[in-house]
Amino acid sequence: MSVNEPDPGLPIAPGSPLARVLDGYRAPDLPAGFADRVLAAAEARPAPLPELRRPARTRRWRIGQRIAIGALSFGALATAAAATGLLEQLAIPVPSAETVWASLTGKAQASAAPEPLVAAAAVPAPTPAPVVNEGPIDTPEELAEKLRRVDQVRAGRREERRAIIDQRIKSEIERRGAAGLRVPTPEEEARLRAKIEQAVTAREQRADAAAAARREAMQRKVENGEALTREDLTGRKPVIPETRERLRGLRGLSPEERAKAWRELTPEERRLVTEELRARRAARLSGQPAAAPTAVPPQDTPPSE
Amino acid sequence: MNTATEPAPATAIAPPPGDDAAWAERLAARDPAALREMIARHGATLHRVAYRMTGDAHEAEDIVQEAMLRLWDHAPAIAAKHAVGSQAAARLRLGGWLKRVATNLAIDRLRRARRISGGEVPEEEDDAPLADAVIEAGERDNLARALVLALPERQRAAIVLTYYEELPNAEAAEAMDMNIKAFESLLHRARTALRQALTAQGDAP
């Protein structure tokens, strides 16, 4: 069609050739008696069926119903996927219900707040101050000074323990990430840290209770004018030199032999080995070269708890 | 387009707003006089539409009868939806409802006939010898019928409703259950097809 030709879809103008042709298409009238015939048919027609009990719903309601069913189905599938751990396998973090509730209510959740641990790990563990013990302790002042130093060392140890826990968790996560293994989600890590913190706190509480009982006994003894022995301070019998030499011999053994020998040690001997290992680890964490294990424990070694 | 011999279209005798709801109520109460009144008001229009759609007077009568009986059957539901005095009652147009039913019935029958015959509905040819004037009128009538009946069903309905029944596009679209844009597109295609068919007839030897 050229530009000058009229649009063939334009309305049909009266009097045009097409209109003249179309006007020739005449329709006949309805025959006489048509109305009577329809009325007779209507009379003979059976009564219409009753209305459905459930009225036909509008289109908008049907669409809304389908959207609602779709949303519910999606929610059910998502919940099932989260419950079966499928989303975690796809590395999609799924917060726990407690976490979501805490974020909604604004209340901090104890288990989901690893900040204190991180802060403790970030702060370098203070090096325990050297405790100097001059002679036997037989006065309340000397005992108070001794206990003050012990508390200082204990606080440093606790910081060290927490730093070690944090370092181990981090290194394990890094190792798993480097090996392509699944790493725990932030929620899982928070749960793990909370669980460990709970165990550490319980251990410290038990140690505090034991130390408090021992300190009461020491105070009573000092008030009676008696001098405190090392056994009073540590709560343990002193390690005999033979035992110490035996422990030193453990270091040259293979892991299997060492494990066997470890099982054969008495609880006291095991504790001594543990203390030495702790001292080496603390030195390693603080960046200082590990001190050579002492053959005989110094006189001012704080009590282990 | 309405010839002088045909009755005026239904729009000319349309009842005042709200009146159709009262008629629907009477139909729902199974009042034969109400049905007779509906036939008197709308029967001729429906018959013209049906006839020009199918090209068959008997078929057209059947369609009108079926449309009226459907109104009879659906009157209780229509009356319940458009209670007298309500806002819905003012919107009720039984003429439009009947046109929609009749148009759909005609389209359904045309499609069914095409499926059965495998082609277009056959035209009825009149081979009897006639006087010249009658022959000329008959030829024009046959040409118009041929042009209209050659259109696809929906285009045919669009032409019948807008050209012959002079319905506004909006009402015709409503009668065909279409939105206005789609209907105007359909109508444009129908007019184009008619003009092309007429041109082809003129070019034919």
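Our structure is the block above this text.
Predicted, not measured: the structure shown is a model, and the values here were computed from it.

1. Overview of the overall build of chain A
Turning to step 1, where the next piece is worked out: Counting its regular elements, chain A contains twelve helices and zero strands.
Turning to step 2, where the next piece is worked out: What you see in chain A, going N to C, is helices and strands ordered as α-α-α-α-α-α-α-α-α-α-α-α.
Turning to step 3, where the next piece is worked out: Per-residue burial for chain A yields a buried fraction of 24% across its 305 residues.
Turning to step 4, where the next piece is worked out: Pairs at least 24 apart in sequence give 62% of the contacts found in chain A among residues at least 6 apart.

2. What to know about the overall build of chain B
Turning to step 1, where the next piece is worked out: Counting its secondary structure elements, chain B contains nine helices and zero strands.
Turning to step 2, where the next piece is worked out: If you list the helices and strands of chain B from N to C, you get α-α-α-α-α-α-α-α-α.
Turning to step 3, where the next piece is worked out: The burial tally for chain B puts 45% of its 205 residues in the buried class.
Turning to step 4, where the next piece is worked out: A separation of at least 24 residues holds for 70% of the contacts in chain B among residues at least 6 apart in sequence.

3. Remarks on the interface of chain A and chain B
Turning to step 1, where the next piece is worked out: Contacts between the two partners involve 33 residues from chain A, matched on the other side by 44 residues from chain B.
Turning to step 2, where the next piece is worked out: When chain A packs against chain B, close to 3,600 Å² is buried across both sides, 64% of that on carbon and sulfur atoms.
Turning to step 3, where the next piece is worked out: The tally of links between chain A and chain B comes to three salt bridges.
Turning to step 4, where the next piece is worked out: Residue R36 of chain B pairs with D36 of chain A through a salt bridge whose shortest N-O separation is 2.9 Å.
Turning to step 5, where the next piece is worked out: Run the count over chain A and chain B and you get eleven residue pairs in polar contact (both at pLDDT 80 or more).
Turning to step 6, where the next piece is worked out: By residue number, the principal contributor to the side of chain A that touches chain B is helix α2 (residues 34-44) of chain A, which donates nine residues.
Turning to step 7, where the next piece is worked out: When grouped by side-chain class, the residues that make up the side of chain A that touches chain B number 21 nonpolar, two polar and ten charged.

4. Considerations on a nonpolar patch on the surface
Turning to step 1, where the next piece is worked out: Residues L86, L90 and I92 of chain A make up a contiguous nonpolar surface patch of about 270 Å² in total accessible area.
Turning to step 2, where the next piece is worked out: I92 of chain A sits in the partly exposed class, given a relative accessible area of 39%.

5. As for the packing of helix α1 (residues 19-28) of chain B against helix α2 (residues 32-54) of chain B
All names here are of chain B.
Turning to step 1, where the next piece is worked out: One way to put it is that α1 packs onto α2 with a least axis distance of 8 Å and a crossing angle of 135°. Judged on the interaxial angle alone, α2 and α1 are oblique. Considering the relative orientation of α1 and α2, their crossing is left-handed. Contact residues: D19, D20, W23, R26 and L27 in α1; A33, A34, L35, E37, M38 and R41 in α2.
Turning to step 2, where the next piece is worked out: The residue makeup of the contact of α1 with α2, split by class, is six nonpolar, no polar and five charged.

6. So, the packing of α2 of chain B against helix α7 (residues 153-164) of chain B
Residue and element names in this part refer to chain B.
Turning to step 1, where the next piece is worked out: Interaxial distance between α2 and α7 falls to 10 Å at its minimum, and their mutual angle equals 140°. By the angle between their directions, the pair α2 and α7 is classed as oblique. α2 and α7 meet at a crossing whose hand is right-handed. Contacts from V49, R52 and M53 in α2 reach E153, R156, A157, V160, L161 and Y164 in α7.

7. Section: helix α3 (residues 59-83) of chain A
Turning to step 1, where the next piece is worked out: Helix length check: α3 of chain A, at 25 residues, gives a terminal C-alpha distance of 36 Å against a target of 36 Å (1.5 Å per residue), a fit within 8%.
Turning to step 2, where the next piece is worked out: One or two residues past the end of α3 of chain A sits G85 of chain A, with phi positive at roughly 80°.

8. What about unusual backbone geometry?
Residues and elements named next belong to chain B.
Turning to step 1, where the next piece is worked out: You will see that E166, though not glycine, has its phi angle at about 55°, which is positive.
Turning to step 2, where the next piece is worked out: Position of E166 among the secondary structure elements: in the loop between α7 and α8 (169-175).
Turning to step 3, where the next piece is worked out: The backbone of D177 sits at a positive phi, close to 60°, despite the residue not being glycine.
Turning to step 4, where the next piece is worked out: Note that D177 resides in the loop between α8 and α9 (180-203).
Turning to step 5, where the next piece is worked out: Looking at D177, the relative accessible area reads 57%, which means it is exposed.

What counts as what
- Residues numbered from 1 in each chain as written.
- Chains lettered and ligands numbered in written order.
- Predicted model: local features only at pLDDT ≥ 70, side-chain atom pairs only at ≥ 80, totals over all residues.
- Heavy atoms only, no water.
- Helix = DSSP H or I, 4+ residues; strand = E, 2+ residues; numbered from the N terminus.
- Buried < 20%, exposed > 50% of the residue type's maximum accessible area, 1.4 Å probe, protein only.
- Contact = heavy atoms within 4.5 Å.
- Buried area = accessible area lost by both parts, 1.4 Å probe.
- Salt bridge = Lys/Arg side-chain N within 4 Å of Asp/Glu carboxyl O.
- Polar contact = N/O pair within 3.5 Å; in protein donor to acceptor, adjacent residues only side chain to side chain.
- Nonpolar A, V, L, I, M, F, W, Y, C, P; charged D, E, K, R; others polar.
- Patch = residues over 30% accessible without salt bridge, like charges linked within 9 Å, V, L, I, M, F, W, Y side chains within 5 Å.
- Areas by Shrake-Rupley, 256 points an atom, 1.4 Å probe, with all protein chains shown as cover.
- Axes fitted to C-alpha atoms, helices over the stretch in contact; angles between N-to-C directions.
- Parallel < 35°, antiparallel > 145°, perpendicular 65-115°, else oblique.
- Left-handed = near helix turned anticlockwise from the far one by under 90°.
- Expected span 1.5 Å × (residues − 1).

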